[in-house]
Amino acid sequence: MVAPQKEKSTTLVEWEWAKRCVKRDGFVPFCNAFGYTLARHHELIAEKLQKTISTPNYNLIICMPPGHAKSRYASILFPSYYLGSNAGKSVVMASHTAELSAKWGRACKRIIDDPLFTYMMGVTLNKDSKSSDRFDLSNQSEYFACGVGGGVTGQRADLGVIDDPVRSKEDADSERIRDKTWDWYLNDFRTRLKPNASQVVIMTRWHEDDLV
């Protein structure tokens, strides 16, 4: 019985330290607490993402080749941190398909449902939040995910995130699909942003006339 008590005590000390670091320094120690050591380009992403909280109407574009973990930080870790640290705020996430957006949503829910998250942020996932594309937290913050081109009617966002709006090279080369994506962004996605809301677009460049 002694060993588990000692292990629990050590965990609580580590969690308390993580909690204090997150409260003091924000998003980077939040990532560290979940086991991620940031490379220099990740630190730059984290620094810019943090500004979406402190700077009204902040618009951020992250363009990097595949395999640079841009989605891990901008579409999974950051929305989780944002929702936990900003009571009553809402995130709208969009990707090239609803399935991909739901994937980001499931990953966010796993972080939010972790006891470490609850300890650090003092927030829990509401028990009736069963869906991976729509859920809310005990601090009244909300998450909604959809596919590019899908309906966003009825949703409002303090933070709008678009990750991988282009499904393939074929779509990127199609003028019709590029125009359709642009029309959706202007008339559906952007009109759902609240006053002073921030936007983040994450993608690998495919075409000079893509969404970026």
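Shown above is the structure to which this text applies.
As the structure is a prediction and not an experimental result, all values here were calculated from the model.

What counts and what doesn't
Residues numbered from 1 in each chain as written. Predicted model: local features only at pLDDT ≥ 70, side-chain atom pairs only at ≥ 80, totals over all residues. Heavy atoms only, no water. Helix = DSSP H or I, 4+ residues; strand = E, 2+ residues; numbered from the N terminus. Rg over C-alpha atoms; globule rule 2.2 N^0.38 Å. Buried < 20%, exposed > 50% of the residue type's maximum accessible area, 1.4 Å probe, protein only. Contact = heavy atoms within 4.5 Å. Areas by Shrake-Rupley, 256 points an atom, 1.4 Å probe, with all protein chains shown as cover. Lys, Arg positive; Asp, Glu negative; His and termini not counted. Charge placed at Lys NZ, Arg CZ, Asp CG, Glu CD. Phe/Tyr/Trp six-rings, centres within 6.5 Å; stacked < 30°, edge-to-face > 60°. Pairing = 2+ DSSP bridges. Core = buried A, V, L, I, M, F, W, Y, C linked by side-chain atoms within 4.5 Å. Axes fitted to C-alpha atoms, helices over the stretch in contact; angles between N-to-C directions.

1. Focus: the overall build of the chain
Across its full length, the chain carries 8 helices and 6 strands. Starting at the N terminus and walking to the C terminus, you meet the elements of the chain as α-α-α-β-α-β-α-α-β-β-β-α-α-β. Taking 212 residues into account, the globule formula puts the C-alpha radius of gyration at 17 Å, and the chain, at 18 Å, falls close to it. Dimensions of the chain, computed from the C-alpha atoms along their principal axes, are close to 65 × 35 × 30 Å. Classification of the 212 residues of the chain by burial places 47% in the buried group. Sequence separation of at least 24 residues holds for 74% of the intrachain contacts in the chain that already meet a minimum separation of 6. Roughly 11,200 Å² of accessible area belongs to the chain as shown, and the carbon and sulfur atoms make up 50% of that amount. When the 29 positive and 26 negative side-chain charges of the chain are each reduced to one mean point, those points stand 6 Å apart.

2. Considerations on the packing of aromatic side chains
Throughout the structure, instances matching the rule amount to 14 aromatic pairs. Summarising the aromatic geometry, the rings of Phe27 and Phe30 are spaced 6.4 Å apart at their centres and angled 25° between planes, so their arrangement reads as stacked. Here Phe30 and Phe27 lie together in helix 2 (residues 27–33), a separation of 3 residues that amounts to about one turn. Seen in terms of ring centroids, Trp184 and Phe189 are 5.5 Å apart; in terms of plane orientation they differ by 40°. Their pairing is tilted. Given the relative accessible area of 2%, Phe189 is considered buried.

3. Brief notes about the environment of Gly84
Checked against the element boundaries, Gly84 lands in helix 4 (residues 70–85). Setting aside its immediate chain neighbours within four residues, Gly84 contacts Phe117, Met121, Val123, Leu137 and Asn139.

4. Quick notes on the pairing of strand 2 (residues 90–95)
Taken across its 6 residues, strand 2 has 6 buried, putting it largely inside the fold. Bridging between strand 2 and strand 4 (residues 142–147) involves 6 bridges; their strand directions are parallel. When the bridges of strand 4 are listed, Ser90 appears paired with Glu142. Two elements, strand 2 and strand 5 (residues 157–163), share 4 bridges in a ladder whose sense is parallel. When the sheet's bridge partners are listed, Val92 is paired in strand 5 with Gly160.

5. What to know about unusual backbone geometry
Positive phi is not limited to glycine here, since Asn57 has a value of about 60°. Mapping Asn57 onto the fold places it in the loop between helix 3 (40–54) and strand 1 (59–63). Here the phi dihedral of Ala69 falls at roughly 65°; this positive angle occurs in a residue that is not glycine. Residue position: Ala69 is located in the loop between strand 1 and helix 4.

6. Section: the side chain of Ser132
Following the sequence through the fold, Ser132 ends up in the loop between helix 6 (115–121) and strand 3 (134–136). In this structure, Ser132 is in contact with Ala102, Gly105, Arg106, Lys109 and Tyr143, ignoring residues within four places of it in sequence.

7. A word on the nonpolar core
Core analysis: the largest hydrophobic core is formed by 44 residues, its most contacted members being Phe27, Phe30, Phe117 and Tyr143. If we skip the residues at most four places from it in the chain, Phe30 touches Val22, Leu77, Ser80, Tyr81, Ile111, Phe117, Met120 and Met121. Counting 15 residues, the second largest nonpolar core, distinct from the first, contains Cys146, Ala157, Ala197 and Leu211.

8. So, the sheet that holds strand 2
On the basis of which strands lie adjacent, the open sheet formed by 6 strands has the order 1-6-5-2-4-3 and mixed pairing. Looking along the sheet, the strands with just one partner apiece sit at the ends: strand 1 and strand 3. The average angle at which neighbouring strand axes cross in this sheet is 15°, direction not considered. Here strand 5 runs beside strand 6 (residues 193–203); their pairing, made up of 6 bridges, is parallel. In the sheet register, Ala157 faces strand 6, and the bridge partner there is Leu193. Along the sheet, helix 4 makes contact with strand 1, strand 2, strand 3, strand 4, strand 5 and strand 6, crossing strand 5 at roughly 165°. Across the sheet, helix 5 (residues 98–112) touches strand 2, strand 3, strand 4 and strand 5, and the angle it forms with strand 4 is around 155°.

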